[in-house]
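Coordinate inspection notes
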Amino acid sequence: MTQTDAPLIEARNITKYFGSVIALHDVSLSVRRGEVLCLLGDNGAGKSTLIKTLSGVHPPDTGEIFVDGRLAQFDSPRHALHAGIATVYQDLAMIPLMSISRNFFLGSEPTRSLGPLRLMDLGQADRLTREALREMGIDLRDTSQPVGTLSGGERQSVAIARAIHFGAKVVILDEPTSALGVKEAAVVLRFIAQAGDQGVGVILITHNVNHAFPVGDRFTILDRGRSKGTFAKGEITAAELLEHMAGGAELDELRHELEDVVEVPGTPPPSGSAAPAP
Amino acid sequence: MKAPRWLAGVAVLGLVLAACGTQEASPGDDDGNGDGSSRDLRIVVVTHGQASDPFWSVVANGVNQARDDLGIEVEYNAPETFDMPAMAQLIDTAVASEPDGLVVSIPDADALGASIQAAIDAGIPVVSINSGSDVYRDLGILTHVGQTEFEAGVGAGQRMAEAGVTNTICVNQEVGNVALDLRCEGFAEGLGGVPSEVVAVDLADPAGAQAGIEAALSADDSIDGLLTLGPTGADPALAALEASGRAGDVQIATFDLSENVLNALDAGEMLFAIDQQQYLQGYLGVLIVTQFAQYGLLPGGGNPILTGPGFVTPENAAQVIELSAEGIR
Amino acid sequence: MASAEARPVDERVRRVGLTRTLLNRPELGAVTGAILVWVLFAILAGDRGFLSLNGTATYLEVAAQVGLVGSAVALLMIAGEFDLSVGSMIGAASMVMAIGIAELGWPVYVAVAAAFGFALVVGFINGYIVVKTRLPSFIVTLGMLFILRGVTIGITRALTGRTQVPGVHAATEGDPIAAIFTAQLGPFDVVILWWLVIAAVATFVLMRTTFGNWIFGAGGSAIAARNVGVPVARVKIVLFMATAASAALLAVIQVLTFGSGDVLRGEGKEFEAIITAVIGGTLLTGGYGSAIGAVFGALTLGMTRQGLFFAGISSDWYQAFLGLLLLIAVIVNSWVRNRATRGG
């Protein structure tokens, strides 16, 4: 495998303990250029822990991380950011009271000189923000409005656009659609797909298969700290994904229990009741 | 943009209250009715003592009595805490309002000097009361109504020495007021030059003051005399003596009166209290500046008009108690 | 992906006029409040000196004194922290000045440098403790409030036996450096100019520099800001040093103007400064505010304090009226802001 074919980021055999709890055990994944990898799993499966390992919040106890084929060890989130791994958290991405442009360039403000003084170039910040967003398919006339005036989906999209604009090779999204309505979730998902088109690698963490399935190229499933496999889009259906996530056996049990009480579509009506045909 | 109606209501209420408050300060003030020149006079009093302070409320009563007796308009102003810049600004405000006379107390001549000078330059007659007996002349003030602090302190020291006291504490409840510092210094002088340990307490915190005095008492067994400089120091001191069980061995005396002080005198628990008769300071201060403004009359030839020290002892305490209930002593 | 085609304009963005843009500014409420207060006192006390030149000079001086500190405190509050120790710092720096000049015979510039040096050190300590321990700055600076005040009283009494140190006027007669802090133009004190200059600098830093963007970021969400590389700790420490320095500046001006220092100087100023910032549109929770607004907040406070005296309100009721007027000013302020940002 040559360097140019190497995945943007690859995690091999990651294990992480918290005291006596095994949060992750022997988990591997990889993301290539332009690929959207969905990391699925129910609550408590270890998705957040895996992400924190990849983004430098805590180092894995065993296992290795490779960026562009080279071994990497992150001391801090800032370190991971410099290496091109950007993480967008659900509620900590944007500051509602600040304008969109100020948010966009926070920490990397464009400057101009006025005699001996260095000022923040607000005009350029507005312009660059508009351009960067337009490139990603968001058209906002006025980027000096507070972020608070944007909908949740737009905020997420701007956060992702910011990460990409500042050179992220891999963008990790932690449950971006969990708090959003249907339309807003669609906005973010469309945006994610476009990001993939631009060559950025995306790791999308979610517990919602319906959101993951349309945009994902590959799917990795975590269940209680272990990986249950990685599947490409053509290899699996949405229903199968769901079964893997919840654990097929459990879902069957649930179905059986419910059958005794209510009418579950696609199954015979509960015994002992004269239920009319739907 | 429509304003909520309740906001307009609040604004109107505010204006009404403000208008009422304004009139309260000017009873019997008929606009332009022309008879009796004293009716049109307006005097402003600026002191460093808040009307919530028991000592100063007696001064304010004297001021108000003079206002009623003379039929003039008088305003009494003071900053909320001991704050010299704020007081200087109040004097500036008073000067800008062009009163017919100004009555001030001078706890800090350096800080207030410029503002008082501006008043005199503007042609406003100025009389000082209560503090500033040693600086008023240099500032060009007409006269001073009050008690000279150092001498009053000496008087207190002498009386205590006569009672056989040798080792004393002086409790200062208004740290920052030069007049009080002078009292303690005079006290030490009157005792025969024996220095008196100064204990500072916060006049707004009686419990803390009491604790501070108790601590000083227990730190030194040989203390047999205690002088406090005001009722907000005296009340906690009496309580401290009780609590520490030293009430029998320690002679206590104080400056200025309060209900507790008078009761203690009446019960023989206190040696004496120095009454600077602050009612007179308020009354005479307003009277003198008014008569100067009207007729150019000035008693005392520029010398301070002394309202104290008056000594209240267990012998005459009962009579004073009656007057104190009326806010006169 | 079609990136070169013209995209449909976002239909939710409409042309907003200049009026709406103005209404959105955090200062609007403060300006409105200040105008209302001015009109109120012009009616009640216009003929009693409020509208005279001297009268205007007195309330401007009061406004300037609290506004000097208010501008720095506003910036710190926008960054999400409080400094309750500024009042005690005014007292402490006053005593450094007064004792230095009147007792120790220092030249004025040495005393001024010492006062500022002291303030910068204490400010640094405040900031360092807050960022290292992550304790609420309210608590940390409250402790410093007591420590500073106690040290001031203790050292002053130990050195001079008194609580008030006069004699500064005599020692600074004709000193050119002293004149910078005490000059007058007619009835107007130079402190007013200092106030406006400091406010202009604060506004410029806040709105036009990178550091200012960091202030908003640190106050809006310290975690998010840190994640994108903003040195939040450094920003906060610098701001704590700035509030302490502004307190020292006020102390220097007051000692040189009033000719003395006393250990109680500045008591209560910390709350006045916060009120100034809040009337000016700064949120108590941080992340939003305005230094220009703090100017109008200081103006409102100054006009209210002195206006009540001009209006002849009986001093028994003074505090009640002050509180009522401030409450009304803050309510009007926040109502205007809500209407503006809600739209319509």
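Residues numbered from 1 in each chain as written. Chains lettered and ligands numbered in written order. Predicted model: local features only at pLDDT ≥ 70, side-chain atom pairs only at ≥ 80, totals over all residues.

1. Re the overall build of chain C
Within chain C, the secondary structure is distributed over 15 helices and four strands. At 22 Å, chain C has a C-alpha radius of gyration in line with the 20 Å of a compact globule built from 344 residues. Over its C-alpha atoms, taken along the principal directions, chain C stretches across nearly 80 × 55 × 35 Å. Counting all 344 residues of chain C, 58% fall into the buried class. Sequence separation of 24 or more characterises 80% of the internal contacts of chain C that already satisfy a separation of 6 or more. (Helix = DSSP H or I, 4+ residues; strand = E, 2+ residues; numbered from the N terminus. Rg over C-alpha atoms; globule rule 2.2 N^0.38 Å. Buried ≥ 20, exposed ≤ 12 C-beta atoms within 10 Å, placed from the backbone. Contact = placed C-beta atoms within 7 Å.)

2. Thoughts on the sheet that holds strand 3 (residues 36-40) of chain A
Residue and element names in this part refer to chain A. Pairing is mixed across the open sheet formed by six strands, whose spatial order is 6-9-10-3-11-12. Whereas interior strands pair on both sides, the edge strands pair on one side only; in this sheet they are strand 6 (85-88) and strand 12 (226-232). Taking the axes of each pair of neighbouring strands and ignoring which way they run, one obtains an average angle of 15 degrees across the sheet. Pairing between strand 3 and strand 10 (residues 201-206): five bridges, direction parallel. Bridged to L39 within strand 10 is I205. Contacting strand 3, strand 6, strand 9 (170-174), strand 10 and strand 11 (218-223), helix 1 (residues 47-54) runs over the sheet at an angle of about 150 degrees to strand 9. Sitting on the sheet, helix 6 (residues 182-197) touches strand 3, strand 9 and strand 10, and the angle it makes with strand 10 is about 155 degrees. (Pairing = 2+ DSSP bridges. Axes fitted to C-alpha atoms, helices over the stretch in contact; angles between N-to-C directions.)

3. Some thoughts on the packing of helix 5 (residues 108-133) of chain C against helix 12 (residues 232-258) of chain C
Relative orientation of the contacting elements helix 5 of chain C and helix 12 of chain C amounts to 145 degrees, with a least axis distance of 7 Å. Helix-helix and strand crossings are classified by hand; for helix 5 of chain C and helix 12 of chain C the assignment is right-handed. (Left-handed = near helix turned anticlockwise from the far one by under 90°.)

4. Topic: helix 3 (residues 84-96) of chain B
Residue and element names in this part refer to chain B. Between its first and last C-alpha, helix 3 extends 18 Å over 13 residues, near the 18 Å set by a 1.5 Å rise per residue. Most of helix 3 is tucked away, with twelve of its 13 residues classed as buried. Residues M84, P85, M87, A88, Q89, L90, I91, D92, T93, A94, V95 and A96 constitute the buried set of helix 3. Of the residues one or two after helix 3, E98 is the one with positive phi, at around 55 degrees. (Expected span 1.5 Å × (residues − 1).)

5. Side note on the interface of chain A and chain C
Contacts between the two partners involve 23 residues from chain A, matched on the other side by 23 residues from chain C. Those elements that place two or more of their residues in the side of chain A that touches chain C are helix 2 (77-82), strand 8 (117-120), helix 4 (122-135) and helix 6 of chain A. Grouping the constituent residues of the side of chain A that touches chain C by class yields ten nonpolar, four polar and nine charged. (Nonpolar A, V, L, I, M, F, W, Y, C, P; charged D, E, K, R; others polar.)

6. Some details on the interface of chain C and chain B
Across the boundary between the two partners, chain C contributes 42 residues, which contact 38 residues of chain B. Secondary structure elements with two or more residues in the side of chain C that touches chain B: helix 3 (53-78), helix 7 (168-172), helix 12, helix 14 (291-310) and helix 15 (318-342) of chain C. Here the side of chain C that touches chain B is built from residues that sort into 17 nonpolar, 18 polar and seven charged.

7. Brief notes about the confidence of the model for chain A
Residue and element names in this part refer to chain A. Per-residue pLDDT for chain A has a mean of 81; in total, 89% of the residues score no lower than 70. Within chain A, the element-level pLDDT minimum falls on helix 9 (residues 248-259), averaging 69, and the maximum on helix 3 (residues 100-104), averaging 90. Across residues 273-278, where pLDDT falls below 50, the model places two contacts with residues more than four positions away in sequence or in other chains. (pLDDT = per-residue confidence, 0-100.)

8. A closer look at the environment of A:R70
Residues and elements named next belong to chain A. Within the secondary structure layout, R70 lies in strand 5 (residues 70-72). Of the residues examined, R70 has 10 C-beta atoms within 10 Å and is grouped as exposed. Residues R70 and I9 lie 61 residues apart in sequence; the distance between their C-alpha atoms is 9.1 Å.

9. Some thoughts on the packing of helix 3 of chain C against helix 13 (residues 269-279) of chain C
Residues and elements named next belong to chain C. At a minimum axis separation of 8 Å, helix 3 and helix 13 run at an interaxial angle of 65 degrees. Classified by the angle between their axes, helix 3 and helix 13 sit roughly perpendicular to one another. For the element pair helix 3 and helix 13, the recorded crossing hand is right-handed. Packed against helix 3, whose contacting residues are V66, G67, V69, G70, V73, A74 and M77, the element helix 13 presents K269, E272, A273, I274, T276 and A277 at the interface. Taken together, the residues that form the contact of helix 3 with helix 13 break down as eight nonpolar, three polar and two charged. (Parallel < 35°, antiparallel > 145°, perpendicular 65-115°, else oblique.)

10. With respect to the sheet that holds strand 12 (residues 310-312) of chain B
Residue and element names in this part refer to chain B. Spatially, six strands are ordered 7-6-8-9-10-12 in an open sheet, and the strand pairing comes out mixed. Edge positions in the open sheet fall to strand 7 (197-200) and strand 12, since each of these has one partner strand only. Along the sheet, successive strands turn relative to each other by an average axial angle of 20 degrees, direction set aside. Against the sheet, helix 8 (residues 206-219) touches strand 6 (168-172) and strand 7, its axis set at about 155 degrees to strand 7.

11. Some thoughts on the environment of B:D266
Residues and elements named next belong to chain B. In this fold, D266 is placed in helix 10 (residues 259-266). Judged by the 17 C-beta atoms lying within 10 Å of it, D266 falls in the partly exposed class. The spatial distance from the C-alpha of D266 to the C-alpha of R183 is 24 Å, given a sequence separation of 83 residues. When sequence neighbours within four positions are dropped, the list of residues in contact with D266 reads P314, A317, A318 and I321.

12. Section: the nonpolar core
Residues A:V171, C:L75, C:A93 and C:V252 are the most contacted members of the largest nonpolar core, which totals 295 residues. Those residues in contact with C:A93, other than ones at most four positions away along the chain, are C:A115, C:F118, C:A119, C:A247, C:A248, C:A251 and C:V252. (Core = buried A, V, L, I, M, F, W, Y, C linked by C-beta atoms within 7 Å.)

13. Digging into the pairing of strand 7 (residues 111-114) of chain A
Remember that side chains alternate between the two faces of the sheet whenever the strand is regular. Residues and elements named next belong to chain A. Two elements, strand 7 and strand 8, share four bridges in a ladder whose sense is antiparallel. Looking across to strand 8, one finds that L114 is bridged to L117. In textbook terms, the turn of a hairpin is the stretch between consecutive antiparallel strands, and for strand 7 and strand 8 this stretch comprises two residues, one of which, G115, has a positive phi near 65 degrees.

14. Thoughts on the environment of B:I129
All names here are of chain B. Along the chain, I129 turns up in strand 4 (residues 126-130). By C-beta crowding, I129 is classed as buried, having 32 other C-beta atoms within 10 Å. Discounting residues that sit within four places of it in the chain, I129 has contacts with V103, S105, V145, G146, Q281 and G285.

15. Points about helix 6 (residues 137-160) of chain C
All names here are of chain C. Here helix 6 is 24 residues long and its end C-alpha atoms lie 33 Å apart, about the 34 Å a rise of 1.5 Å per residue gives. Within helix 6 the residues assigned to the buried category are S137, V140, T141, M144, L148, R149, T152 and T156. Residues of helix 6 that are buried in the fold lie against helix 4 (86-103) and helix 5. Just beyond helix 6, the residue with positive phi is G161, at close to 75 degrees.

16. Quick word on the confidence of the model for chain C
All names here are of chain C. In the predicted model, chain C carries a mean pLDDT of 87, and 90% of its residues have values of at least 70. No element of chain C has a lower mean pLDDT than helix 1 (residues 18-23), which averages 60, and none a higher one than helix 5, which averages 96. Counting contacts from residues 1-15, a segment whose pLDDT is below 50, to residues more than four positions away or on other chains yields 13 contacts. Prediction confidence for the complex, expressed as pTM and ipTM, is 0.78 and 0.79 respectively.

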